[in-house]
Amino acid sequence: MNSINSSVRDKLLAILTGVTFVGLWEILPASGLINPFFTSSPSRIYVAAKWLFANGFWNDIYVSLTQFTLGMLLAMVVGIVLGLLLGWYKTLNAMFEPFVTMLNAMPRVALLPIIILWLGIGMESKIAAVFLGAFLPIIITVMKGVRTVDENLIKCARSFGANDAQMFLTLAVPSSLPFIVAGLHIAVGRGLVGVVIGELLASQAGVGHMMAKASATFQIDKVFVGVLFLAVFGYLLTELLKLIEKQFEKWRPQ
Amino acid sequence: MNIEARNLSVDYTLRLTNEPLAALKSVSFSVESGKFVCLIGASGCGKTTLLNVAAGLVAPSAGELLLDGVPVYGPGRDRAMVFQSAALLPWRTVFKNAMYGLEIQGYPFREAKRIVSELIDLVGLTGFEKSFPRELSGGMQQRVNLARALATQPKLLLMDEPFASLDAQMREYMQGEIERIWQQTRQTTLFVTHSIDEAVFLADEIIVMTSRPGRIKTTVQVDLPRPRALEMKKDPRFHAIADSLRDQLDREFREMMGQGIFQGD
Ligand SMILES: Nc1ncnc2c1ncn2[C@@H]1O[C@H](COP(=O)(O)OP(=O)(O)O)[C@@H](O)[C@H]1O
Ligand SMILES: [Mg+2]
């Protein structure tokens, strides 16, 4: 009972904070205390959004989401498969782990100009940008997950005569599932950064493209529409991943 | 399954110093098929090592271990191990954990399911088939561990201090359960324990090991009638055997201390 009350209370507090913030954001520019030319305001953003949705924003969203989804799928497939293999097979690990660490440590945005030269300013370069942002966190957490396989379970499997492939499939894969989802949490953020930066740098369409254009012409309200869209989208994806994570709570020891 | 150890030695190499460590030194003994044999000895004397050799997880450095006359070479379907830590797959339900060994050994799914259903009953886990290990008490986890080993219908069952982590009450209860289950399966069993009481209650024969490097100190026959109930522990004959065993272990313990830190005492 108490915990239900306190969770309701927490939600109400969060809503209160949000409403106050939006309220101040609206009132302060209107009262002339700050200049809406730089800060915009909720009502201006609403008007800009209505205009944008009537004038091609759906297409920008479609382009961005397609790039993001394709890049993420590619990153998931490559990251999960490579992470599992590098985590499990010592030889592969010795061959590639240093390069994974190196790639992870470098600011990969620096590769974007090269990628744009290679792939052009169309969707391909943005898919590659998402992939570059997202696949390293996945590969690294999955590798970690595979290595946490309980030594006792490996002994048990061996005692039943399990071969390496069986141990990989029945121990390494399932015990790294929660790590895969943890990796996706980070990857979603990095992937979004990838698509936006890619579009800001060079593009023909997309949410980032719209923002870059609006910013260049000092239409701050439209820029904020893009920011809000990305924030909400990232938040929804994170919540979705939390729902998936709940599935592991059924069996996770503790 | 007959077991025969001939001058079996196992040396480990210590990881840090690279020095050899003798865990078992020239161990010889034999066990007749169908016997329940307990291995008892101080911790660190090589009991787990001996079971691991029998399971095919550790190779002997010298000598050999023969199972039905054939030297052990790697793990095999004719043996199964019950581990000290339950070693259950946390993401699998009780039922699927119990099926794990059969699955690894490639049994057809239907047959595996039938075998495991029976075993779930035998080890008293009915109603918990869909539970996850984290939802079970230590005693119940060990039942799953046992069911998983029994499912593969091994000719030799290896048990490594399966009740070491249970509280006294649960431990006694599980001893009774092992006796009950063994009455039905009658598999040759090597059971490691450091509890005198547990060894006498369960065993046909008790192998007493010296402290490291492990050798065989003596073998004690336990000719108490079967099936045994827990009341047996109050029987004077039970106490006679337990007392003589305690004397042996005491003497071994003194000798070990005499060579070591208590020298000149
Ligand atoms: N993998 C290993 N590497 C090095 N030393 C080991 C290893 N396993 C066991 N030992 C050592 O061998 C000795 C016997 O161990 P073990 O067979 O586990 O004894 P017990 O089960 O009787 O307690 C101990 O001193 C232990 O530290
Ligand atoms: Mg041990």
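Computed from a predicted model, the values in this text were never measured in an experiment.

With respect to empty space enclosed by the protein
So, point 1. Throughout the structure, instances matching the rule amount to 2 cavities of 30 Å³ or more.
So, point 2. Roughly 60 Å³ of internal volume is contained in the largest cavity.
So, point 3. Forming the walls of the largest cavity are Phe36, Leu146, Leu150, Leu157, Met159, Ile178, Ile181, Trp182, Thr185, Gln187 and Thr189 of chain B.
So, point 4. Contributions of two or more residues to the lining of the largest cavity are made by α5 (138–151), β7 (156–160) and α6 (168–185) of chain B.
So, point 5. Of all the elements, α6 of chain B adds the most residues to the lining of the largest cavity, at 4 residues.
So, point 6. Of the residues belonging to the lining of the largest cavity, the class tally is 8 nonpolar, 3 polar and no charged.
So, point 7. Every residue lining the second largest cavity is listed: Ser64, Leu65, Phe68, Leu192, Val195, Val207, Phe229, Leu230 and Phe233 of chain A.
So, point 8. Along the lines of polarity and charge, the residues of the lining of the second largest cavity split into 8 nonpolar, 1 polar and no charged.

Observations concerning the pairing of strand β9 (residues 205–209) of chain B
All names here are of chain B.
So, point 1. A large share of β9 lies buried, amounting to 5 of its 5 residues.
So, point 2. On β9, burial covers both faces: Glu205, Ile207 and Met209 on one face and Ile206 and Val208 on the other are all buried.
So, point 3. As judged from the 5 bridges shared by β9 and strand β10 (residues 216–221), these two strands associate in the antiparallel manner. Within β10, the residue paired with Glu205 across the bridge is Gln221.

Overview of the site of ligand 1
Residue and element names in this part refer to chain B.
So, point 1. Near ligand 1 you find Tyr12, Leu21, Ala23, Ala42, Ser43, Gly44, Cys45, Gly46, Lys47, Thr48, Thr49 and Arg212, and these make up its full shell.
So, point 2. One of the backbone nitrogen or oxygen atoms of Gly46 is found 3.0 Å away from an oxygen atom of ligand 1.
So, point 3. Interatomic distance of 2.5 Å between a side-chain N/O atom of Thr49 and an oxygen atom of ligand 1.
So, point 4. Protein coverage of the free-state accessible area of ligand 1, which is 560 Å², stands at 66%.
So, point 5. Among the elements of the structure, β2 (20–31) and α1 (47–55) are those that each provide at least two residues to the shell around ligand 1.
So, point 6. Top contributing element to the shell around ligand 1 by residue count: α1, with 3 residues.
So, point 7. The class makeup of the residues in the shell around ligand 1 is 5 nonpolar, 5 polar and 2 charged.

Brief notes about the domain arrangement of chain A
Residues and elements named next belong to chain A.
So, point 1. Looking at the assigned domains, one finds that chain A contains domain 1 (1–39) and domain 2 (44–249).
So, point 2. Each side of the interface is counted separately: domain 1 has 5 residues, and domain 2 has 5 residues.
So, point 3. Between domain 1 and domain 2 lies a buried interface of about 460 Å² when both sides are counted; carbon and sulfur atoms form 69% of it.
So, point 4. Taken as a group, Trp25, Pro36 and Phe37 account for 76% of the area that domain 1 buries against domain 2, more than any other trio of residues on that side.
So, point 5. Our count for the domain 1 to domain 2 interface comes out at 0 residue pairs in polar contact (both at pLDDT 80 or more).
So, point 6. Considered class by class, the residues forming the side of domain 1 that touches domain 2 number 4 nonpolar, 1 polar and no charged.

Describing the environment of Ile216 of chain B
Residues and elements named next belong to chain B.
So, point 1. Counting through the fold element by element, Ile216 comes out in strand β10.
So, point 2. Residues Ile216 and Phe29, spaced 187 residues apart in sequence, show a C-alpha to C-alpha distance of 7.7 Å.
So, point 3. With sequence-adjacent residues up to four places away left out, Ile216 is seen in contact with Val27, Ser28, Phe29, Ile207, Val208 and Met209.

A short note on the sheet that holds β7 of chain B
Residues and elements named next belong to chain B.
So, point 1. The strand order β6-β7-β8-β3-β9-β10 describes an open sheet built from 6 strands, whose pairing is mixed. Edge positions in the sheet fall to β6 (79–82) and β10, since each of these pairs with one other strand and no more. For this sheet, the mean inter-axis angle between neighbouring strands, taken without regard to orientation, is 15°.
So, point 2. Relative to β7, β6 runs parallel, the two sharing 4 bridges.

Some thoughts on the packing of aromatic side chains
Ring pairs (aromatic) are described by centroid distance and by the angle formed between their planes.
So, point 1. Under the definition given, this model contains 17 aromatic pairs over all chains.
So, point 2. Judged by centre distance (5.3 Å) and plane angle (70°), the rings of Trp25 of chain A and Phe224 of chain A are edge-to-face. Highlighted residues: Trp25 of chain A in helix α1 (residues 2–30) and Phe224 of chain A in helix α11 (residues 220–249), separated in sequence by 199 residues.
So, point 3. The class for Trp25 of chain A is buried, based on a relative accessible area of 18%.
So, point 4. According to the relative accessible area criterion, Phe224 of chain A is partly exposed, its value standing at 23%.
So, point 5. Through successive ring pairs, a cluster of aromatic residues spans Phe53, Phe57, Trp58, Phe68, Phe229 and Phe233 of chain A.
So, point 6. Against the face of Phe201 of chain B rests Lys233 of chain B, its NZ or CZ located 5.5 Å from the ring centre.

Structural notes on the layout of surface pockets
So, point 1. As a volume, the largest pocket reaches approximately 350 Å³.
So, point 2. Together, 18 residues line the largest pocket, and Trp251 and Pro253 of chain A together with Leu88, Pro90 and Trp91 of chain B are the ones closest to its centre.
So, point 3. The residue inventory of the lining of the largest pocket, partitioned by class, reads 12 nonpolar, 3 polar and 3 charged.
So, point 4. For the second largest pocket, the calculated volume is near 280 Å³.
So, point 5. Together, Leu86, Gly87, Trp88, Tyr89, Lys90, Asn93, Val146, Arg147, Val149, Glu151, Ile154 and Asp164 of chain A line the second largest pocket.
So, point 6. Those elements that provide at least two residues to the lining of the second largest pocket are α4 (57–88), α5 (90–105), α7 (123–147) and α8 (151–159) of chain A.
So, point 7. Counted by class, the lining of the second largest pocket contains 6 nonpolar, 2 polar and 4 charged residues.

Reading the values: rules and limits
- Just so you know, the residues in each chain are numbered from 1, in the order the chain's sequence is written.
- Both sets of labels track the order of writing: A upward for chains, 1 upward for ligands.
- Reporting of local features is limited, given that this is a predicted model, to residues whose pLDDT is at least 70; pairs of side-chain atoms are given and counted only at 80 or more, and all residues count toward the totals for whole chains, interfaces and linings.
- In computing side-chain values, all of the structure's heavy atoms are included and hydrogens and water are not.
- Cavities and pockets are defined on a 1 Å grid built over the protein atoms alone: a cavity is a set of grid points where a 1.4 Å probe fits but cannot escape, while a pocket is an open set with protein on both sides within 12 Å along at least five of seven lines, and lining residues are those with an atom within 4 Å of any such point.
- Grid points are joined across faces, edges and corners, and a volume is the space filled by probe spheres set on the points.
- The numbering of helices and of strands both runs from the N terminus, where a helix is a DSSP run of H or I of at least 4 residues and a strand a run of E of at least 2.
- Note on residue classes: Ala, Val, Leu, Ile, Met, Phe, Trp, Tyr, Cys and Pro are nonpolar, Asp, Glu, Lys and Arg are charged, and everything else, Gly too, is polar.
- Per-residue accessibility, obtained with a 1.4 Å probe over protein chains only, is compared with the maximum for each type, and a residue is labelled buried under 20%, exposed over 50%, and partly exposed between these values.
- The pairing criterion is simple: DSSP has to find at least two bridges between the two strands.
- For each residue, the test is whether any non-hydrogen atom lies within 4 Å of the molecule or strand; if one does, the residue is near.
- A 3.5 Å cut-off defines polar contacts: any pair of N or O atoms within that distance qualifies, except that in protein one atom must be a possible hydrogen donor and the other a possible acceptor, and neighbouring residues in sequence count only when both atoms are side-chain atoms.
- Accessible areas in this description were obtained via Shrake-Rupley with a 1.4 Å probe; residue shielding takes into account the shown protein chains only.
- Boundaries of every domain are those given by an automatic assignment or by a domain database.
- Here, two residues are considered to be in contact whenever any of their heavy atoms come within 4.5 Å of each other.
- For any pair of parts, buried area is found by adding up, for both, the accessible area (1.4 Å probe) each one loses once the two are put together.
- For helices, the axis comes from a line fit to the C-alpha atoms of the stretch in contact; other axes are also lines fit to C-alpha atoms, and the angle between any two N-to-C directions lies between 0 and 180 degrees.
- Any two of the Phe, Tyr and Trp rings considered here, Trp counted by its six-membered ring, make a pair once their centres fall within 6.5 Å; the pair's planes then place it as stacked at under 30 degrees, edge-to-face at over 60, or tilted in between.
- Remark: a charge is flagged as sitting over a ring if the NZ atom of Lys or the CZ atom of Arg is within 6 Å of the ring centre and within 35 degrees of the ring normal.

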